[in-house]
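# Structural description and commentary
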Amino acid sequence: MALVAANLCYTYAAGTAYEVPALLGLDVHLECGDLLVIAGTTGSGKSTLLRLLAGLLRPSSGTVGLDGSPASDRRSRGRAAMVFQNPESQFFAESLLADVSFGPRNLGAQEPARLAADALAAVGLDPDTFGDRSPFTLSGGEARRAAIAGALAMRAPYLLLDEPTAGLDRRGRRDVVLAIGRERHRAGVAVVTHDPEEFLPSATRVLALHAGETAFAGSVDELLANPSPYLEAGLRLPEVVMAQLFARGRGLPVGAMEFEPEAAAARLSHARGTRS
Amino acid sequence: MRGPSSSEECGLIELHEVSVTYPGAERPALDHVTLSIVPGRTLALLGPNGSGKSTLARLCNALLLPTSGRVVVDGMSTVDEATLWQIRARVGFVQQNPENQIVGTVVEEDVAFGPENLGVPAHELRSRVDDALGAVGLTGLERREPHLLSEGQKQRLAIAGALALRPAYLVLDEPTAMLDGEGRSDVLAALRRLRAHGVGIVHITHHLEDVIDADAVAVLDEGTVAFSGTPAELLADPQAAETLGVEVPAIVVLAEALREHGVPVPRDAFTAESVAEAVWRS
């Protein structure tokens, strides 16, 4: 059981004078328990890739399969839930509970209201406080989390999120990262972001895109061991990691990289003590 | 870029004991806030979502009027309808999402839209557009269609649109939130140039990294000013800053932890390179 894309290519306006190749030969494998970080600068093709994985676009060549069926097939309906950039622009119902329960209700789920309440709680919005609120009265951070709850409520086995933390404050980002992390026990999660800082420590795989091609694909450990292709794709690693990379570049024996500042400080001060 | 058109007027945006309560809200969005915004200086506004930052921004050019207290722009009160358009011309406003701010079909038309609407004569329009595009580093892209620009370029286009009105002040509400690393550093560089040319800047952000060289920082918390000082003063006590909801950059936490390990990292080391350098040299 997996979401598998093989040799995926996509060209916008194919066959016209305006055709723009957006993706060239990408491979993706996502299964339950995974957190796949798809990183890339603006225009690298990462949102196009996510739409292909969700079955919203058909590949120009290559395949996307959801548990053995094509992603655009009817049988795949409801199996990959996608959260778009600025999902808060998609609210329509009078109450948050009605809005979040729309997806599961539409898919014929039992107890859509309970699924909606659980999803709201999962993103840190108490359903008793927020359930009756109009989605149009929420703050920016609340609205984003509510929109993500709409996708969580569908209980899809694959969750595809486009820039879920952009524009949120630290608390909002932490709530979103935790909520997404909790979904991994029952879903495969792919997150598209230009700023993967929060997601890297818990990512199982990283796919970095540059101009529609794979600049890096591998585990976080592999990324930190050889960060050049990732950095050359215009992406940044967290400053704490960059400090360790610079220190290593200076010849200090830093060893494995740490994401947490305290652990990084211990490692750097140890490296400083052991150099010859 | 120039400051106010008549330089003898004392340039300053003053917020004096300003409160704003939205209709139906239980508590004020801003509660007795006093601040000033000075030409040629950057005021960074920090604070969590819902702390009143955007409300404050909208007060500066009379998009919103205070429930009580006064907002005075270069001597003109924002409640005075007679000077409303003078205030709007003086205080430019740039929002988070560049897509919502672009109206022209090509770059130069977009920048000309504001001054053209205010009746700026054609010969002056050209120089205003050229100056504004130059200030944000978009010279050469005059005939480009906005949708073909990168996100960072779009946001700089939005800033150029505000600059074409020759504002003395620019208020930016999270101008880098939607941008990737490269777009972000380009916008920050453009803002530094504007400050050097005398524009007073209010920069609202969640990222202290973006405003580490600001002249002043105000931290809002539930509508009140919880801290007012310089970035270095704010970071002198990282724990206190965190308590205020400020996102202390991880690199500052790393520097602090290294000092606790006995590594002499200077207090003004705010980049990965300078911290690594300090470790290497010690």
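Conventions we followed
- Residues numbered from 1 in each chain as written.
- Chains lettered and ligands numbered in written order.
- Predicted model: local features only at pLDDT ≥ 70, side-chain atom pairs only at ≥ 80, totals over all residues.
- Heavy atoms only, no water.
- Helix = DSSP H or I, 4+ residues; strand = E, 2+ residues; numbered from the N terminus.
- Rg over C-alpha atoms; globule rule 2.2 N^0.38 Å.
- Buried < 20%, exposed > 50% of the residue type's maximum accessible area, 1.4 Å probe, protein only.
- Areas by Shrake-Rupley, 256 points an atom, 1.4 Å probe, with all protein chains shown as cover.
- Lys, Arg positive; Asp, Glu negative; His and termini not counted.
- Charge placed at Lys NZ, Arg CZ, Asp CG, Glu CD.
- Core = buried A, V, L, I, M, F, W, Y, C linked by side-chain atoms within 4.5 Å.
- Domains from an automatic or database assignment.
- Contact = heavy atoms within 4.5 Å.
- Axes fitted to C-alpha atoms, helices over the stretch in contact; angles between N-to-C directions.
- Parallel < 35°, antiparallel > 145°, perpendicular 65-115°, else oblique.
- Left-handed = near helix turned anticlockwise from the far one by under 90°.
- Pairing = 2+ DSSP bridges.
- Nonpolar A, V, L, I, M, F, W, Y, C, P; charged D, E, K, R; others polar.
- Salt bridge = Lys/Arg side-chain N within 4 Å of Asp/Glu carboxyl O.

## Overview of the overall build of chain B
Scanning chain B from N- to C-terminus turns up ten helices and ten strands. What you see for chain B is a C-alpha radius of gyration of 20 Å, in line with the 19 Å of a compact globule of 282 residues. In terms of its C-alpha atoms, chain B occupies a principal-axis envelope of roughly 65 × 45 × 40 Å. Buried residues in chain B amount to 52% of all 282 residues. When the accessible surface of chain B is summed, it comes to about 12000 Å², and 49% of that surface belongs to carbon and sulfur atoms. Separation of charge centres in chain B, based on 22 positive and 40 negative side chains, amounts to 4 Å.

## Topic: the nonpolar core
Where a protein is soluble and globular, its nonpolar side chains tend to be buried together. Counting residues in hydrophobic clusters, the biggest one holds 89 residues, and the most contacted among them are Tyr230(A), Leu237(A), Leu234(B), Leu254(B) and Leu258(B). If you tally residues by element for this core, the top one is helix 5 (residues 140-152) of chain A, at seven residues. Per-domain counts for this core show at least three residues from each of domain 1 (3-224) and domain 2 (238-276) of chain A. Residues in contact with Leu254(B), not counting those within four places in the same chain, are Val240(A), Ala243(A), Pro261(A), Ala264(A), Ala265(A), Leu268(A) and Val275(B). Core analysis: the second largest hydrophobic core is formed by 30 residues, Ala112(B), Leu138(B), Ala164(B) and Ile201(B) among them.

## Considerations on the packing of helix 5 (residues 151-163) of chain B against helix 6 (residues 181-196) of chain B
All names here are of chain B. With their axes 8 Å apart at the nearest point, helix 5 and helix 6 run at an angle of 25° to one another. Taken together, the axes of helix 5 and helix 6 are roughly parallel relative to one another. Here the hand of the crossing between helix 5 and helix 6 comes out right-handed. Of the residues in helix 6, those touching helix 5 at Gly 152, Gln 155, Arg 156, Ile 159 and Leu 163 are Gly 183, Asp 186, Val 187, Ala 190, Leu 191 and Leu 194.

## A word on the sheet that holds strand 9 (residues 205-210) of chain A
Residue and element names in this part refer to chain A. With mixed pairing, six strands are arranged side by side in an open sheet as 6-7-8-3-9-10. Each edge of the sheet is formed by a strand with only one pairing partner; in this case those strands are strand 6 (80-83) and strand 10 (213-218). When strand polarity is set aside, the average angle formed by the axes of neighbouring strands in this sheet is 15°. Against the sheet, helix 1 (residues 46-53) makes contact with strand 3 (35-40), strand 6, strand 7 (158-162), strand 8 (188-193) and strand 9, and its axis sits at roughly 145° relative to strand 3, the strand it touches most.

## Things to note about the packing of helix 5 of chain A against helix 6 (residues 170-183) of chain A
All names here are of chain A. Across the interface, helix 5 lies against helix 6 with an axial gap of 11 Å and an inter-helix angle of 5°. When the interaxial angle is binned, helix 5 and helix 6 end up roughly parallel. Note on element contacts: helix 6 touches helix 5 through Gly 172, Asp 175, Val 176 and Glu 183, opposite Arg 145, Ile 148 and Leu 152. Per-class residue counts for the contact of helix 5 with helix 6 are three nonpolar, one polar and three charged.

## Some points on the sheet that holds strand 4 (residues 68-73) of chain B
Residue and element names in this part refer to chain B. With antiparallel pairing, the four strands of this open sheet are ordered in space as 2-1-4-5. The open sheet is flanked by strand 2 (30-37) and strand 5 (76-77), the only strands paired with a single partner. Pairing of strand 4 with strand 5 involves two bridges; the strand directions are antiparallel. Within strand 5, the residue paired with Val 72 across the bridge is Ser 77.

## Observations regarding the pattern of salt bridges
According to the stated counting rule, one finds 25 salt bridges over all chains in the structure shown. One salt bridge in this structure joins Glu247(B) and Arg173(A), with 2.9 Å as the shortest N-O distance. Taken as a pair, Glu247(B) in the loop between helix 8 (238-243) and helix 9 (250-260) and Arg173(A) in helix 6 lie in two separate chains rather than in one. Comparing Glu247(B) with Arg173(A) shows no difference in burial state: the two are buried. Between Glu277(B) and Arg250(A) there is a salt bridge, with its nearest N and O atoms 2.4 Å apart. Of this pair, Glu277(B) sits in helix 10 (residues 272-281) while Arg250(A) sits in the loop between helix 9 (239-249) and helix 10 (261-274), placing the two residues on different chains. Under the relative-accessibility criterion, Arg250(A) is labelled partly exposed at 38%. Beyond isolated ion pairs, a larger network of salt bridges with shared partners links Glu108(B), Arg126(B), Asp130(B) and Arg143(B).

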